[in-house]
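# Summary of structural features
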Amino acid sequence: MTRNLPVTVSSNAEQCKKCPEDEYPNDQRDLCLPKIVTFLDINEPWGKAVTAIAVSLSLLTALVLWIFVKFQDTPIVQANNRNLSYMLLISLSSCFLCSLLFVGRPTTASCLSRQTVFAVVFTVAVSSILAKTIIVVLAFRVTGPGSRMRIFLHPSVPYCVVLICSGIQVLFCAIWLGTHPPFPEADTCSESSHIILTCNEGSAFAFYCVLGYMGFLALGSFIIAFLARNLPDAFNEAKFITFSMLVFCSVWISFLPTYQSSKGKAVVIVEIFSILASSAGLLGCIFIPKCFLILLTSWQNNTKQNKNQRSSRSKNFFLFNLISLFAPVPCKTLFLSLFLKL
């Protein structure tokens, strides 16, 4: 007995019915088949690729943080507030890992956390960059001994900038969760034979407000860094920040139309790609060049030190041979022990 016939009329059918939302018609259009439930699973190729990239980039960020901590007394690390650099690296590592919240079966908890965690962590990263940029400009512009702007060079100012900017984003997210929170949803329309489990944002306006606020902070960092690009190179991080913010803004500007035109699992993949690409852009533009400089300077210093030690040993060996020609045997033993200690 045929049940729930599809909407298309067949040549030998007297009456047709539309299949339920969780079913689809077969090729003969005389029977409804159950749709397959699907989502971005960690065991499928896209899920494995996203997980591998996110974990690898997070470990790379941890390695950069280790280099900065190990060489924390070098001028390169100290030039632009090393504590802000630590905060930025930790937030970038968290940005990479928060993309994993988008992988797996959507639940109420994951839908509530994925967008809010992403928004807050990213805001901490961008506001840290904004604070670094402001400090660079103030350090070179506020030079007069009687300037009232010197109060903004207080060590606590950059942390206040990060706290205030992040606090505003937390407030936005709290209002979002309190009014129209995200929730899991079954998408039955994007693919005819599949039910795609996704997270409904609850309020598109709130989602774009959160993204817009991050874009506002990034644009402010870009403008300030661009205006400060001609400051002395020895202590100027503005050029790196300018390029990193250009990459960041380019990724998220291209994200908006792609996100709107995507359907199904492609929506999640597009957002994950944007998170990973923008975070990698910040890491690569700001910190990777510094790591090369730190390691290269350390290698050059070690090479010079080794050359000096070898030169000193060769001079001492020559002196030992010269003395041993004229000194008696007991003195040779004494000179040899002293030479080995040098």
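The shown structure was predicted, so the numbers you read here are calculated from the model rather than taken from an experiment. (Residues numbered from 1 in each chain as written. Predicted model: local features only at pLDDT ≥ 70, side-chain atom pairs only at ≥ 80, totals over all residues. Heavy atoms only, no water.)

## Structural notes on the sheet that holds strand E3 (residues 36-38)
Read across the sheet, three strands follow the order E3-E5-E4 without closing on themselves; strand pairing throughout is mixed. Across the chains shown, the open sheet's two edge strands, defined by having one partner strand only, are E3 and strand E4 (183-187). In this sheet, neighbouring strand axes are inclined to one another by 30° on average, regardless of whether the strands run parallel or antiparallel. As judged from the three bridges shared by E3 and strand E5 (residues 194-200), these two strands associate in the parallel manner. By the bridge assignment, Thr 38 is partnered in E5 with Ile 196. (Pairing = 2+ DSSP bridges. Helix = DSSP H or I, 4+ residues; strand = E, 2+ residues; numbered from the N terminus. Axes fitted to C-alpha atoms, helices over the stretch in contact; angles between N-to-C directions.)

## Some remarks on the packing of helix H3 (residues 82-98) against helix H5 (residues 157-179)
Two elements in contact, H3 and H5, have axes separated by 10 Å at closest approach and are oriented at 25°. Here H3 lies roughly parallel to H5, going by the angle between them. The hand of the H3/H5 crossing is right-handed. On H5, the residues that touch Asn 83, Leu 84 and Met 87 of H3 are Pro 158, Tyr 159 and Val 162. A per-class count over the contact of H3 with H5 returns five nonpolar, one polar and no charged. (Parallel < 35°, antiparallel > 145°, perpendicular 65-115°, else oblique. Left-handed = near helix turned anticlockwise from the far one by under 90°. Contact = heavy atoms within 4.5 Å. Nonpolar A, V, L, I, M, F, W, Y, C, P; charged D, E, K, R; others polar.)

## Some thoughts on the environment of Ile 196
As for its placement among the helices and strands, Ile 196 is situated in strand E5. Classification of Ile 196 as buried rests on a relative accessible area of 1%. In the structure, Ile 196 is positioned 67 residues away from Lys 263 in sequence and 9.7 Å away in space, judged by C-alpha atoms. Sequence-distant contacts of Ile 196, that is, excluding residues within four places in its chain, are made with Thr 38, Glu 185, Ala 186, Asp 187, Ser 190, Glu 191, Gly 264 and Lys 265. (Buried < 20%, exposed > 50% of the residue type's maximum accessible area, 1.4 Å probe, protein only.)

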